[in-house]
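As a plain string of letters, each chain reads:
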Amino acid sequence: MSPTQTRAPQSDPRIRSRRHARHTPPNWVKRAGVAGGVIGAVALTGAASPAQASNASDQSPNEVTQTLDLSQLRAADATAQAVITYQLQAAQDQAVSTASQVAKQHKEADEQKAAEAKAAAEHAAQQAASRDAQRAPLSTDSSSSSASSSSVASSTSGSISSVLSFLQAQLGKAYVMGSTGPNAYDCSGLVQAAFRTIGVDLPRVSEDQSTAGTQVSLSNLQPGDILYWGSAGSAYHVAVYVGNGNFIGAQNPSTGVVERPLSYSEPTGAVRVA
């Protein structure tokens, strides 16, 4: 051995080595680790699954609630619409009923006014119809009028008292347009019938009777004078003065033959035929 060579120290069998021998895990440990990893993964997956399931289960009630809320809104909307429809129908029915009542009231008022107007104008209308239907030819020549008056005067017989008695006997009888007795008269028919009792044949209608004698003043009336309303030659009503400020005439369909004071209806003029 060379002096420079160093002998490797030999270990003392009595001194233990401080180095630890490598420890290789047995195969079953390895298999256990792999299995543990798999089990852990499964566990993690299982742990995650309940959460996801919980989320899913949490969403379902919300969806159900939303569906219920939507149904309730639709039902409420339908109810409100039904109420509005009912109110509109009720308002329309009320409007129709009110309009019907108003129309009925207006109709009744119109009918009443028409009846009043008809009653007020009936006498004039009937007289106009009588003039149109039964008017006797009337000469517009003044000489013809004078001749007619003279003819009436010359044919007078009897007394005015007979005329007045006849008129008194007709009181209460009906007024009928165009009638000359014995049960009903119009105004000129009554005057004509009264003077016929003493042989005086007067014209048939009031226009002609108003010029059938001598015109006299209303302040100088005598019993038996013929009173007329309207102008001479176009009078629309006649009666006979009976004295004491009264006259007898067939006034209108409402009153018939009556005796009235001159103040009841002031005449326009008068003629004397007897």
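Note that the structure is a prediction, hence the values are computed from the model and not measured. (Residues numbered from 1 in each chain as written. Predicted model: local features only at pLDDT ≥ 70, side-chain atom pairs only at ≥ 80, totals over all residues. Heavy atoms only, no water.)

Visitor: Sorry if this is basic, but what is going on with the environment of Gly213 here?
Guide: Within the secondary structure layout, Gly213 lies in the loop between α5 (206–209) and β3 (214–216). With a relative accessible area of 12%, Gly213 lands in the buried category. Spatially, the C-alpha atom of Gly213 lies 9.5 Å from that of Leu202, the residues being 11 residues apart in sequence. (Helix = DSSP H or I, 4+ residues; strand = E, 2+ residues; numbered from the N terminus. Buried < 20%, exposed > 50% of the residue type's maximum accessible area, 1.4 Å probe, protein only.)

Visitor: I keep staring at the sheet that holds strand β8 (residues 269–272) and nothing clicks. Help me out?
Guide: Two strands in a sheet stick together by hydrogen bonds in their backbones, pointing the same way (parallel) or opposite ways (antiparallel). Ordered by their spatial adjacency, six strands build an open sheet running β3-β8-β4-β5-β6-β7, and the pairing between neighbours is antiparallel. Bordering the open sheet on either side are β3 and β7 (256–261), each of which pairs with just one other strand. Neighbour to neighbour, the strand axes of the sheet diverge by 35° on average, direction disregarded. As judged from the three bridges shared by strand β4 (residues 226–229) and β8, these two strands associate in the antiparallel manner. By the bridge assignment, Tyr228 is partnered in β8 with Gly269. Of the strands in this sheet, β5 (237–243), β6 (246–252) and β7 are in contact with helix α3 (residues 160–169), which crosses β5 at around 115°. The sheet strands contacting helix α4 (residues 187–196) are β4, β5, β6 and β7, and the helix crosses β5 at an angle near 45°. (Pairing = 2+ DSSP bridges. Axes fitted to C-alpha atoms, helices over the stretch in contact; angles between N-to-C directions. Contact = heavy atoms within 4.5 Å.)

Visitor: Can you walk me through the pairing of β8 in this structure?
Guide: Residue alternation in β8 divides its side chains into two sets, Gly269 and Val271 and Ala270 and Arg272, and both sets are buried. Alignment of β3 against β8, held across three bridges, turns out to be antiparallel. For Val216, the partnering residue across the bridge sits in β8 and is Ala270.

Visitor: Any chance you could explain the pattern of salt bridges here in plain terms?
Guide: A side chain of one charge can pair with a side chain of the opposite charge when the charged atoms of the two come close. What the rule picks out here adds up to two salt bridges. We note a salt bridge from Asp186 to Arg204, for which the minimum N-O separation is 3.0 Å. Within this pair, whereas Asp186 is found in the loop between β2 (184–185) and α4, its partner Arg204 is found in the loop between α4 and α5, the two being separated by 18 residues in sequence. The residue Asp225 makes a salt bridge to Arg272 at a minimum N-O spacing of 2.8 Å. Taken as a pair, Asp225 in the loop between β3 and β4 and Arg272 in strand β8 lie far apart in primary sequence, 47 residues in all. For Asp225, a relative accessible area of 1% gives the class buried. (Salt bridge = Lys/Arg side-chain N within 4 Å of Asp/Glu carboxyl O.)

Visitor: So what exactly am I meant to see when it comes to the confidence of the model for the protein here?
Guide: Caution applies to low-pLDDT parts of the model: their predicted coordinates are not meant to be read in detail. In the predicted model, the protein carries a mean pLDDT of 74, and 59% of its residues have values of at least 70. Across the protein, β4 holds the top mean pLDDT of 98, while helix α2 (residues 142–154) sits lowest at 40. Counting contacts from residues 41–54, a segment whose pLDDT is below 50, to residues more than four positions away or on other chains yields zero contacts. Below a pLDDT of 50 lies the segment residues 129–157, which in the model reaches 34 contacts outside its immediate sequence neighbourhood of four places, other chains included. (pLDDT = per-residue confidence, 0-100.)

Visitor: What is the right way to read unusual backbone geometry from this model?
Guide: What is expected of a backbone is that most residues other than glycine have negative phi and most peptide bonds are trans. Cis peptide bonds are those with omega within 30 degrees of zero, and the linkage from Gly181 to Pro182 qualifies with 0°. Among the structural elements, Pro182 can be located in the loop between β1 (174–175) and β2. Positive phi outside glycine occurs at Asn244, with the angle close to 55°. Mapped onto the secondary structure, Asn244 falls in the loop between β5 and β6.

Visitor: Can you help me understand the nonpolar core in this one?
Guide: Most often, soluble globular proteins keep nonpolar side chains buried together rather than apart. Membership of the largest hydrophobic core comes to 28 residues, with the highest contact counts inside it found for Leu167, Phe195, Leu202 and Ile226. Of all the elements in the fold, those that place two or more residues in this core are α3, α4, β4, β5 and β6. Examining the composition of this core, we find that six residues originate from one element, α4, more than from any other. When neighbours within four sequence positions are excluded, Phe195 is seen to be in contact with Val163, Val200, Leu202, Gly224, Ile226, Val240 and Val273. In terms of nonpolar packing, the next biggest core, distinct from the first, is built from nine residues, Trp229, Tyr241, Phe247 and Leu262 among them. (Core = buried A, V, L, I, M, F, W, Y, C linked by side-chain atoms within 4.5 Å.)

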